[in-house]
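# Structural features, examined
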Amino acid sequence: MAGVAVTGSIAGGHSDIHSDVDLIVAIDDESFDSVMQERLTLIGTWASLVAGFTGEHVGEPRLIVTLVGPPLLHVDFKFVRGSDFATRAEDPHILWDRDGVLAGSLAEHPVTAPSLDLQWIEDRFWIWVHYGATKLGRGELFEVIGFLSYLREAVLGPMAAWRVGAAPRGVRRLESIAPDETRDLQATLCGYDRDDIGRALLAGVGLYRRWLDETGTPVERRRHAEKLAMQYLHDVIGQKA
């Protein structure tokens, strides 16, 4: 083991009693593959392990998600090669650095802050709107409710955070960092009701349009796709269930 660092809300200085503990465990490159095979066993010697699993569900197989305790505490252990330690989206707080290599690596490689690619969103948004409308037209209400959650996570939440100068991280902490935008986003919530879902879809589209216009960022708007997708959505909403 080359060192250990903590990230997330603890490193950022805004943790609370509900916070996870996000640890980075840096391993010497030559030992990394063997350590990867015994991670749960190792964690069980470090803490009172209740349960744990690997992080493929978030695209990070190096991650072990655990509960330790009691009292129960959620701890994420991300195992990385020492040579990859400086690849990051935010600066960690180093807890232990065996040879000082981790601190030196961070100093040599400045953090790359996450950004919001509005063109990437615009290129996809109207295809997503059409998708949601097709599910509404078919009567798959649970599917559309889940789709609205995805829009908040992938589009509207990041845009809301970006508007107030915060890092775009889905809908994380929006209630505290962007209270005005959070109030606007409540219009995209709905119950299990076809008319209510249609209203929420239109509210989500309206927010996206307004917030994109207010950014002042040059974006090539997909106007033809927007027009056709919105015609389709209005036609679906106008249909009788």
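The structure displayed is predicted, hence computed values, not measured ones.

## Overview of the pattern of salt bridges
Under the counting rule described, the total for this entry stands at 19 salt bridges. Close ionic contact of D123 with R222 constitutes a salt bridge, the shortest N to O distance being 2.8 Å. Of this pair, D123 sits in helix α5 (residues 118–138) while R222 sits in the loop between α9 (194–215) and α10 (223–238), and the two are 99 residues apart along the sequence. Across the pair E181 and R163 runs a salt bridge, and its minimum N-O distance is 3.2 Å. Of this pair, E181 sits in helix α8 (residues 179–185) while R163 sits in helix α6 (residues 141–163), placing them 18 residues apart in sequence. Judged by its relative accessible area of 9%, E181 falls in the buried class.

## Concerning the layout of surface pockets
Of the voids in this model, the largest pocket is the one considered here, and its volume is about 1200 Å³. If you trace the largest pocket, you find 36 residues lining it, with T7, G8, D22, E90 and R169 closest to the centre. At the level of elements, α1 (8–12), β2 (21–27), β4 (60–68) and β5 (73–81) are the ones that each hand at least two residues to the lining of the largest pocket. Taken together, the residues of the lining of the largest pocket break down into 13 nonpolar, 10 polar and 13 charged. Along the walls of the second largest pocket sit 10 residues, with E153, P158, P168, R169 and G170 positioned nearest its centre. Residues belonging to the lining of the second largest pocket are distributed by class as follows: 5 nonpolar, 2 polar and 3 charged.

## Notes on a nonpolar patch on the surface
On the surface, M1, W46, L95 and W96 cluster together into a nonpolar patch covering about 410 Å² of accessible area. Judged by relative accessible area, W46 falls into the partly exposed class, the value being 38%.

## A closer look at the pairing of β5
Relative to β5, β2 is paired through 7 bridges, and the arrangement is parallel. Opposite A26, over in β5, you have V80 as the bridge partner. The pairing of β4 with β5 spans 6 bridges and is classified as antiparallel. Bridging across to β5, I64 finds its partner in F77. Counting the residues between successive antiparallel strands, the hairpin from β4 to β5 contains 4 residues, one of them, G69, with a positive phi of roughly 130 degrees.

## Thoughts on the environment of I24
With respect to the helices and strands, the residue I24 is situated in strand β2. On the basis of relative accessible area, I24 is assigned to the buried category, the value being 13%. Distance in space between the C-alpha atoms of I24 and V205 is 39 Å, their sequence separation being 181 residues. Setting aside residues no more than four positions away along its own chain, I24 makes contact with G3, V4, A5, T7, K78, V80, F85 and P92.

## A short note on the sheet that holds β4
Read from one edge to the other, the open sheet built from 6 strands follows the order β3-β4-β5-β2-β1-β6, with strand pairing classed as mixed. Each of the sheet's edge strands pairs with one partner strand only, and the pair in question is β3 (49–55) and β6 (93–97). Across the sheet, the mean angle separating the axes of adjacent strands is 20 degrees when strand polarity is ignored. Sitting on the sheet, helix α3 (residues 39–46) touches β2, β3, β4 and β5, and the angle it makes with β4 is about 35 degrees.

The rules we used
- Residues numbered from 1 in each chain as written.
- Predicted model: local features only at pLDDT ≥ 70, side-chain atom pairs only at ≥ 80, totals over all residues.
- Heavy atoms only, no water.
- Salt bridge = Lys/Arg side-chain N within 4 Å of Asp/Glu carboxyl O.
- Helix = DSSP H or I, 4+ residues; strand = E, 2+ residues; numbered from the N terminus.
- Buried < 20%, exposed > 50% of the residue type's maximum accessible area, 1.4 Å probe, protein only.
- 1 Å grid on protein atoms, 1.4 Å probe; cavity = no way out; pocket = protein on both sides within 12 Å on 5 of 7 lines; lining within 4 Å.
- Points joined across faces, edges and corners; volume = space filled by probe spheres on them.
- Nonpolar A, V, L, I, M, F, W, Y, C, P; charged D, E, K, R; others polar.
- Patch = residues over 30% accessible without salt bridge, like charges linked within 9 Å, V, L, I, M, F, W, Y side chains within 5 Å.
- Areas by Shrake-Rupley, 256 points an atom, 1.4 Å probe, with all protein chains shown as cover.
- Pairing = 2+ DSSP bridges.
- Contact = heavy atoms within 4.5 Å.
- Axes fitted to C-alpha atoms, helices over the stretch in contact; angles between N-to-C directions.

By themselves, these figures tell us nothing about what the structure is for.
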